[in-house]
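# Tertiary structure, described
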Amino acid sequence: MDRHQPRAGCRGADIRRAVCDALLVIANLTDDNLNTCIEAGMALATGTNLELLAAGTPRRPPFMLRERNMPTYRDRIEQIGLIHKLCRPYRRRVINAEL
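So, a few notes on the structure that sits alongside this text. (Residues numbered from 1 in each chain as written. Predicted model: local features only at pLDDT ≥ 70, side-chain atom pairs only at ≥ 80, totals over all residues. Heavy atoms only, no water.)

Residue alternation in strand β1 (residues 24-28) divides its side chains into a buried set, Val-25 and Ala-27, and an unburied set, Leu-24, Ile-26 and Asn-28. Relative to strand β2 (residues 49-55), β1 runs parallel, the two sharing five bridges. Across the sheet, Asn-28 pairs through a bridge with Leu-53, a residue of β2. Handedness of the crossover joining β1 and β2 through helix α2 (residues 34-46) is recorded here as right-handed. (Buried < 20%, exposed > 50% of the residue type's maximum accessible area, 1.4 Å probe, protein only. Helix = DSSP H or I, 4+ residues; strand = E, 2+ residues; numbered from the N terminus. Pairing = 2+ DSSP bridges. Right-handed = clockwise from strand over helix to strand, strands pointing away.)

As structure tokens, then:
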């Protein structure tokens, strides 16, 4: 298991460490889950790259995250495409040494 993937029943310290060590945190705020909002806030506070998304119709993000853009998706296919689009700017380039 990746050390950045919090598992069920893990402690708050583990989650904090995972958020702080991450290159990018993607927070799905579809259900306005309080834990997800707190983790998104931790990412903002620590300077970790943060992207928000939610299912359904466009709406404003929860308080303290309102300056962030929160694109929405309608189904699983759109969700995967949106995640790919959000992650693309953070990808690393691998340059072929033979070129």
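On we go.
Before going further, it helps to examine the side chain of Glu-51. By the element assignment, Glu-51 lies in strand β2. Looking at Glu-51, its side chain comes within polar contact range of the side chain of Tyr-90, at 2.9 Å. Not counting residues up to four positions away in its chain, the partners in contact with Glu-51 are Leu-24, Val-25, Ile-26, Ala-27, Arg-68, Leu-86 and Tyr-90. (Polar contact = N/O pair within 3.5 Å; in protein donor to acceptor, adjacent residues only side chain to side chain. Contact = heavy atoms within 4.5 Å.)

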